[in-house]
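Letter by letter, the chains look like this.
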Amino acid sequence: MASSPCGGGNFDCGLEIQTRSVEQTLIPLVSQITTLINHKDKLKKTEKTLRAIQRVGQAVSVAVGRFVAVGEAIAAENEDLKDEMGLACFEARRAGTAIAQLTDVSSLEQCEGDGRSTVFSDRTGMVKAARMLLSSVTKVLVLADCIVIKQIISSRNKVLVTLEQLERVSTFQEFVQIFSQFGNEMVEFAHLTGDRQNDLKDEKKRARMAAARAVLEKCTMMLLTASKTCLRHPDCESARINKEAVFQRMRLALEQVIEIVTDTRSGGEAKALPVSIYAGIKDFKVKVEGLRDSLYCVSCEAVAAQLEALMEKTEDFTDSAYTSHEQRETIIQLCQITRQETKQLINTWRHAQLLKAKEATDEMELSILKTCQSVGDLRRELHRVAVGRATELLKLHSDHLVLQALKASGGDGNLEAVADYAGTLTEHKEQLVETCRLLCHISGTEPLEITCIHAEETFRVIGPQIISAAQTLALHPTSKIAKENLDVFCEAWESQLCDMAILLKEINDVFEGRRGALIKPFSHKHLKTVKAAKLDAEEQTTIAKLGLELCLLTSDVDSEVERWDEQDHEMVRLCQIISSMAYSMYLFTRGEGLLKTTLDLFHQAEVRQRSFSLIGFLIESLQGAIKSNLLDEDRILILSETEKLSAACQQLQVCAKTPVQGKSAIFQKVDSSIQNTKGILTVVVYLLPICNKLIRKCKSERSCLASPQHWREKQQSTTVSEETLNGFGVKSLEQHMANLTFLESK
């Protein structure tokens, strides 16, 4: 049960406040009411004092009136909350009116002559009205928050329904249509849950929400390629296993989000985190040091039992096959020293109790210091072992040789080689899983423990998925979609290794006293300082949302391109290029991919603008070539959309070339670049099917559309040269962006 969110504890509203927004809304009200109640009993009643009290009382009353009006409007729109919200609004209005009456003391004569109850004469009445006001206002806010929770649940339910439809589709055309709807629903769900994550007060819940949302984001792309692979190879068992694992993981993540926002668990009671060694040592030291104040607060047996439970957890380190002999011996020796010091402490403790001592004796004080020092030494050694192991593994896997070998073996159709490398990857997975478990023991905070558990689960799940994807490719070595599917899962593995490196940095920061989460930075080479610009939570959420929306738009572009009969057409080639460029922008928002700094991003935005302009130019050429086949309404529509494309390209170019300096300006430029790119992709997605339809119309005439000669001739008359094309990345994309998503032609 939560009391006043301001920490005063005077006004117990009887409701648990879980979000920052509710808490921050209550703070001004609590401040004003505290001002009214906490006046001195023998306050000098000057005209100035009376006017001040009256102003505060009126301000409270007016604010409550506006607040209640909003609450009543919410009640009118939500039938299931109408009665409860209505009662809370009624109580708030009544309390606000009472406070206004008690503070209506504009003059000394009125205050002393009319016999009415005032804040001076009826302090009990004022406290009662204040309690009622805070309780009712808090209830209105919490009820309003329930509506946000309902929106998230409703959004989740829509996603689940569409997810089930996606799982049952049997044709590619049906899949593309439903996946487009699914993408829109996932964007809505990402917005709602992102806002909720930032609003949660509890750090553990925020960490769990972040983990669940990360799973959903990564699984969205996995779902796309795994489903397409199954549709292309419906009789392939490994493809089916691969797809089912993705759907299952998405459902679990969706369920976890609902557990967090509703503060319930589907299995009944809330599942507590396993106690880490760090938490156990911290609690043990608190109990030991607490003996200084009271020799009788805990029993000797309880302290001894807690130590043995702690020693048992160190077996995760000593029993590991990957712990060196020297490390194992050091840990065992430190455990033995800690046992000896604790035993000596218990002896001196019992002796002090026999003497009926009221505080720790000098002998006992020395034992307390030695016990705390020994357990601290143990913690440092465990930290050194876990961090050292993680660092070695990250270096070992930095070249991704096993993933490359699996891709090559699968592409060669070599099932035997795939099986060999699958065994190696499984061993690597087990090493990473165990290392994440050790990092969890020494992470230092509960949110970091949750992140370690998420990393452990991710490696545990993605390892077998990579293997099943590689087996599918080996069975169908010429399948571009099977190759793309394997690429996506390998990227997820690589991404998790990057996340693990960040996690390792955060754990070290906590251990060394540098608290605070590491933010994936947007750095800019033109900044005078060498420090990367750090984004606050709201900015991170904004960029993450835009990135996900951009990712889904690239999927829409790829899906439309797949429908073209002529896969070698210039329009198809250009759209594949801009899709991969936009996808690299999405990877940048996650701190991944080839774009490492904001300077890289802005350069690509300028480059991307040229390719978008070429698409607009190509569309105009298509329009001119098939003028006889165009209806007036089609011509007007294409002209209108092409003008939008041209204007958006100019905006992107201006944005990319505008110099900026400082964190805020850089963030705004990143935001604008992504927003402009989204707008352009939206137009491209709209125009692609129209252009495809027009090309099909004139296909029988074998016009210049069948080959891009007409467009090439016009291109040669422009300032865009082949050298320029190379400059904005056509050739480099072919060489270096094979890891990005190109959907296979139908």
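So, here is what we can say about the structure in this document. (Residues numbered from 1 in each chain as written. Predicted model: local features only at pLDDT ≥ 70, side-chain atom pairs only at ≥ 80, totals over all residues. Heavy atoms only, no water.)

## Comments concerning the overall build of the protein chain
Point 1. Counting its regular elements, the protein chain contains 25 helices and zero strands.
Point 2. Across the 746 residues of the protein chain, 49% fall into the buried class.
Point 3. Considering only residue pairs separated by 6 or more positions, the protein chain has 78% of its internal contacts joining residues 24 or more positions apart.
Point 4. Within the structure as shown, the protein chain displays about 35000 Å² of accessible surface, and the carbon and sulfur contribution to it stands at 52%. (Helix = DSSP H or I, 4+ residues; strand = E, 2+ residues; numbered from the N terminus. Buried < 20%, exposed > 50% of the residue type's maximum accessible area, 1.4 Å probe, protein only. Contact = heavy atoms within 4.5 Å. Areas by Shrake-Rupley, 256 points an atom, 1.4 Å probe, with all protein chains shown as cover.)

## Brief notes about a negative patch on the surface
Point 1. Together, Glu-312, Glu-315, Asp-316 and Asp-319 line one region of the surface with negative charge.
Point 2. Mapped onto the elements, Glu-315 comes out in helix H11 (residues 315-318).
Point 3. For Glu-315, a relative accessible area of 39% translates into the label partly exposed. (Patch = residues over 30% accessible without salt bridge, like charges linked within 9 Å, V, L, I, M, F, W, Y side chains within 5 Å. Salt bridge = Lys/Arg side-chain N within 4 Å of Asp/Glu carboxyl O. Lys, Arg positive; Asp, Glu negative; His and termini not counted. Charge placed at Lys NZ, Arg CZ, Asp CG, Glu CD.)

## So, the packing of aromatic side chains
Point 1. One pass over the full model with this rule turns up three aromatic pairs.
Point 2. On the basis of an interplanar angle of 70° and a centroid distance of 5.2 Å, the ring pair of Phe-459 and Trp-493 is categorised as edge-to-face. Residue Phe-459 is located in helix H16 (residues 446-475), and its partner Trp-493 is located in helix H17 (residues 480-511); the two are separated by 34 residues in the primary sequence.
Point 3. Owing to a relative accessible area of 3%, Trp-493 belongs among the buried residues under this scheme.
Point 4. Aromatic rings pair up to connect Phe-175, Phe-179 and Phe-182 into one cluster. (Phe/Tyr/Trp six-rings, centres within 6.5 Å; stacked < 30°, edge-to-face > 60°.)

## Re the pattern of salt bridges
Point 1. Scanning the model with the defined rule gives 29 salt bridges in all.
Point 2. Across the pair Arg-93 and Glu-72 runs a salt bridge, and its minimum N-O distance is 3.1 Å. In this pair, Arg-93 sits in helix H3 (residues 82-102) while Glu-72 sits in helix H2 (residues 47-77), placing the two residues 21 residues apart along the sequence.
Point 3. With a relative accessible area of 37%, Arg-93 lands in the partly exposed category.

## Here we look at H17
Point 1. For H17, with 32 residues, the first-to-last C-alpha span of 47 Å sits near the 46 Å given by 1.5 Å per residue.
Point 2. Two residues or fewer past H17, Gly-513 is found with a positive phi of approximately 90°. (Expected span 1.5 Å × (residues − 1).)

## Considering the packing of helix H7 (residues 203-232) against helix H8 (residues 237-262)
Point 1. As a packed pair, H7 and H8 sit with axes 8 Å apart at the nearest point and diverge in direction by 155°. Taken as axis vectors, H7 and H8 run roughly antiparallel relative to one another. The chirality of how H7 crosses H8 is left-handed.
Point 2. In terms of residue class, the contact of H7 with H8 is built from 18 nonpolar, five polar and six charged. (Axes fitted to C-alpha atoms, helices over the stretch in contact; angles between N-to-C directions. Parallel < 35°, antiparallel > 145°, perpendicular 65-115°, else oblique. Left-handed = near helix turned anticlockwise from the far one by under 90°. Nonpolar A, V, L, I, M, F, W, Y, C, P; charged D, E, K, R; others polar.)

## Regarding the nonpolar core
Point 1. Counting 107 residues, the largest nonpolar core has Phe-182, Leu-223, Phe-317, Met-364, Leu-439, Ile-466 and Trp-493 as the members making the most contacts within it.
Point 2. The biggest single contributor to this core is H17, with 13 residues.
Point 3. Residues Leu-601, Cys-649, Ile-674 and Val-685 belong to the second largest nonpolar core, which totals 33 residues. (Core = buried A, V, L, I, M, F, W, Y, C linked by side-chain atoms within 4.5 Å.)

## Digging into the side chain of Glu-560
Point 1. As for its placement among the helices and strands, Glu-560 is situated in helix H18 (residues 537-562).
Point 2. Leaving out residues up to four positions away in the same chain, Glu-560 has contacts with Val-685, Leu-688 and Pro-689.

## Comments concerning the packing of helix H14 (residues 401-411) against helix H15 (residues 415-442)
Angle between the axes and distance between the axes: these two values describe a pair of packed helices.
Point 1. Put simply, H14 and H15 touch, their axes get as near as 9 Å, and they point 160° apart. Relative to H15, the element H14 lies roughly antiparallel. The two elements H14 and H15 meet at a crossing, and its hand is left-handed. Contacts from Val-402, Leu-403, Ala-405, Leu-406, Ser-409 and Gly-410 in H14 reach Ala-417, Val-418, Tyr-421, Ala-422, Thr-424, Leu-425 and His-428 in H15.

## Some remarks on the environment of Thr-103
Point 1. Inspection of the secondary structure puts Thr-103 in the loop between H3 and helix H4 (108-113).
Point 2. Here the alpha-carbon distance between Thr-103 and Ala-52, two residues 51 residues apart in the chain, equals 9.5 Å.

## Topic: H16
Point 1. Over its 30 residues, H16 runs 44 Å from end to end, which matches the ideal 44 Å to within 8%, given 1.5 Å per residue.
Point 2. Buried residues dominate H16, accounting for 22 of its 30 residues.

## With respect to the side chain of Gln-465
Point 1. Position of Gln-465 among the secondary structure elements: in helix H16.
Point 2. What makes Gln-465 buried here is its relative accessible area of 3%.
Point 3. Ignoring any residue separated from it by four or fewer positions in sequence, one finds Gln-465 in contact with Met-222, Asn-242, Ala-245, Val-246 and Phe-489.

## Looking at unusual backbone geometry
Point 1. Positive phi, normally seen in glycine, also occurs at His-400, with a value near 55°.
Point 2. Along the chain, His-400 turns up in the loop between helix H13 (362-396) and H14.

## A look at the environment of Met-186
Point 1. Here Met-186 lies in helix H6 (residues 172-199).
Point 2. By relative accessible area, Met-186 is classed as buried at 4%.
Point 3. C-alpha separation for the pair Met-186 and Thr-220, spaced 34 residues apart in sequence, amounts to 8.5 Å.
Point 4. If sequence neighbours within four positions are ignored, Met-186 has contacts with Val-159, Leu-216, Thr-220, Met-250 and Leu-548.

All we've got here are geometric facts, nothing functional implied.
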